[in-house]
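# Chain and residue survey
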Amino acid sequence: KTGDKIILTKTAGIEGTAILASDREEKLKNTVTRLTIQRAQEFFDKVSVTNEALTAYETGGVHAMHDPTEGGIAGGIHEMADASGLGFRIFEEKIPIATETLQICKTFDINPLYLIASGSMLIAADTKSAENIVSSLKKKKILATVIGEFLSSQNQRIIMKKNKTREELARPVSDELWTALARH
């Protein structure tokens with residue numbers, strides 16, 4: 001619904017990070033530490049969203065949930081907005097991205113917001129319930145962050161950049177995973 005807060009659980013690009021750390025380990029050895037590769041490979045253990053889905057639902061105030069897969073966080077938010085006939089505004093600085101994801105994306109020159117994100121969950125929640133949902137998730141040791149809100153106009157699909165500029169959040173053409181795998 002218009003005004004719903006957009007909550008992201010965990011971090012951007014979870015599954016893509018794990019895949020690249022596993023499938024392109026040799027390439028990554030030139031740019032990141034062995035420990036970073038090992039921790040990134042362990043991201044496969046974070047792919048289930050059952051716990052956060054049940055926790056959010058039980059807390060109340062949830063209008064929709066979506067596990068963003070191909071196209072990453074950006075694709076998932078577009079899909080939610082398409083399904084509801086709304087626009088959105090998200091804040092780049094509020095989107096959590098793991099250090100391992102940032103390092104691997106830098107190596108492959110890809111954007112973590114467009115990297116397959118199985119393991120995270122996008123939740124549309126009533127404004128009054130959003131902080132309760134975030135709090136309930138954190139009590140279960142699940143990172144949760146309000147990253148934006150849904151807007152009434154379908155034509156407004158905005159990301160507020162860290163440098164305070166405002167841009168349209170492009171709809172993913174394909175997942176950045178495929179870009180990285182094709183290049184290297």
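For the structure itself, consult the block above.
Residues numbered from 1 in each chain as written. Predicted model: local features only at pLDDT ≥ 70, side-chain atom pairs only at ≥ 80, totals over all residues. Heavy atoms only, no water.

### Re the overall build of the chain
The helix and strand inventory of the chain stands at eight helices and seven strands. With respect to the three principal axes, the spread of C-alpha positions in the chain is 45 × 35 × 25 Å. Each of the 184 residues in the chain was classed as buried or not, and the buried ones make up 51%. When the accessible surface of the chain is split by element, carbon and sulfur atoms take 49% of a total near 8,900 Å². (Helix = DSSP H or I, 4+ residues; strand = E, 2+ residues; numbered from the N terminus. Buried < 20%, exposed > 50% of the residue type's maximum accessible area, 1.4 Å probe, protein only. Areas by Shrake-Rupley, 256 points an atom, 1.4 Å probe, with all protein chains shown as cover.)

### Remarks on the packing of helix α1 (residues 14-23) against helix α6 (residues 99-108)
Each pair of packed helices gets described by two things: the angle between the helix axes and the distance between those axes. Here α1 crosses α6 at 60°, and the two axes come no closer than 10 Å. Of the possible angle classes, the one that applies to α1 and α6 is oblique. Considering only the axes of α1 and α6, their crossing is left-handed. On α6, the residues that touch T17, L20 and A21 of α1 are E100, T101, I104 and F108. Residues that form the contact of α1 with α6 fall into these classes: four nonpolar, two polar and one charged. (Axes fitted to C-alpha atoms, helices over the stretch in contact; angles between N-to-C directions. Parallel < 35°, antiparallel > 145°, perpendicular 65-115°, else oblique. Left-handed = near helix turned anticlockwise from the far one by under 90°. Contact = heavy atoms within 4.5 Å. Nonpolar A, V, L, I, M, F, W, Y, C, P; charged D, E, K, R; others polar.)

### Points about the pattern of salt bridges
This model, assessed by the stated rule, comprises 10 salt bridges. E25 is the salt-bridge partner of R34, the closest N and O atoms lying 2.7 Å from each other. Residue R34 is classed as partly exposed on the basis of its relative accessible area of 43%. Between R89 and E149 there is a salt bridge, with its nearest N and O atoms 2.4 Å apart. Taken together, the positions of R89 in strand β3 (residues 87-91) and E149 in strand β5 (residues 144-151) put the pair 60 residues apart, joining distant regions of the chain. The partly exposed category is assigned to R89, whose relative accessible area is 23%. Look at E149 and you get buried, because its relative accessible area is 17%. Ionic contacts of the salt-bridge type, sharing partners, join the residues K5, R89 and E149 into one network. (Salt bridge = Lys/Arg side-chain N within 4 Å of Asp/Glu carboxyl O.)

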